[in-house]
Amino acid sequence: AQRVTQPEKLLSVFKGAPVELKCNYSYSGSPELFWYVQYSRQRLQLLLRHISRESIKGFTADLNKGETSFHLKKPFAQEEDSAMYYCALTNAGGTSYGKLTFGQGTILTVHP
Amino acid sequence: EPEVTQTPSHQVTQMGQEVILRCVPISNHLYFYWYRQILGQKVEFLVSFYNNEISEKSEIFDDQFSVERPDGSNFTLKIRSTKLEDSAMYFCASSDRGEKLFFGSGTQLSVL
């Protein structure tokens, strides 16, 4: 069975500090990993996907298959980064592509 | 930017009653989904829909649930006889190629 674990429910940092939101997964097939974000009073939206290898709003995430991790990082956190962050997994290339398995989410608070 | 629209934003119903949750996906999207999030728990996949039929469903999506695309624009989730444990936030999502999902803002269902 596939599973996504985000060990931190809450994470607080100060503005300008580095931030890392942890995500570990278990999946027997070929996974595709995502980070979704939900800002206050907004809808859930895609932040980034591992296959895109892009940096969005200064965030990056590298898929480490050896450690089965997909941690989200930003070198200098901003107050506007405060939000709920969800790590999610799907089967890459399969017919159930949009079937996402979510982690429980991490609330990031960036203090001024 | 086009958005997925869900109505109503809140729905209160009595146990045993039928409810229909409505969604208008983004117009050129082909893949449609329902997810739910019980308070304090993970976002969970319910069902995916493509080419006018269910492509995948989870164990949660039992005979009490059904989905329909009645008129080419709306996408509905029906719960035939609601239970207390159906109380949750229900999210509709759509995508054009099954990759990036666009989520609606959700319907909060309360079963009394």
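Structure: see above.
In short, a report on the structure. These figures come from a predicted structure and were not determined experimentally.

This brings us to the interface of chain B and chain A. Contact residues are listed per partner, giving 16 residues for chain B and 16 residues for chain A. Taken together, the connections running from chain B to chain A amount to two salt bridges. Taken together, the connections running from chain B to chain A amount to nine residue pairs in polar contact (both at pLDDT 80 or more). Listed by contribution, the elements that provide at least two residues to the side of chain B that touches chain A are strand 4 (31-37) and strand 5 (43-50) of chain B. Considering each element in turn, the side of chain B that touches chain A owes the most residues, three residues, to strand 4 of chain B.

The subject of this paragraph is the nonpolar core. The biggest cluster of nonpolar side chains holds 24 residues, and the ones touching the most others in it are A:Trp35, A:Leu72 and A:Tyr85. Mapped onto this core, the elements with two or more residues apiece are strand 2 (10-14), strand 3 (19-21), strand 5 (31-38), strand 6 (45-49), strand 9 (83-91) and strand 11 (106-111) of chain A. If one sorts the elements of this core by residue count, strand 9 of chain A sits on top with four residues. Filtering out sequence-adjacent residues up to four positions away, A:Tyr85 remains in contact with A:Gln6, A:Leu21, A:Trp35, A:Tyr36, A:Val37, A:Tyr39, A:Leu47, A:Phe59, A:Leu72, A:Gly105, A:Thr106 and A:Leu108. Ranked by size, the runner-up nonpolar core spans 22 residues in total, among them B:Cys23, B:Phe75, B:Ile79 and B:Leu109.

Our focus in this paragraph is the pattern of salt bridges. Residue and element names in this part refer to chain A. Enumeration over the complete set of coordinates arrives at seven salt bridges over all chains. Ionic pairing is found between Glu20 and Lys22, a salt bridge with its closest N-O pair at 3.0 Å. Classification of Lys22 by relative accessible area gives partly exposed; the value is 29%. Linking Glu32 and Arg49 is a salt bridge whose minimum nitrogen-to-oxygen distance equals 3.0 Å. Within this pair, whereas Glu32 is found in strand 5, its partner Arg49 is found in strand 6, the two being separated by 17 residues in sequence. The pair Glu32 / Arg49 is uniform in exposure class, with both members buried. Among the charged side chains, a salt-bridge network with shared partners connects Glu20, Lys22 and Lys73.

Scoring rules and cut-offs
Residues numbered from 1 in each chain as written. Chains lettered and ligands numbered in written order. Predicted model: local features only at pLDDT ≥ 70, side-chain atom pairs only at ≥ 80, totals over all residues. Heavy atoms only, no water. Contact = heavy atoms within 4.5 Å. Salt bridge = Lys/Arg side-chain N within 4 Å of Asp/Glu carboxyl O. Polar contact = N/O pair within 3.5 Å; in protein donor to acceptor, adjacent residues only side chain to side chain. Helix = DSSP H or I, 4+ residues; strand = E, 2+ residues; numbered from the N terminus. Core = buried A, V, L, I, M, F, W, Y, C linked by side-chain atoms within 4.5 Å. Buried < 20%, exposed > 50% of the residue type's maximum accessible area, 1.4 Å probe, protein only.

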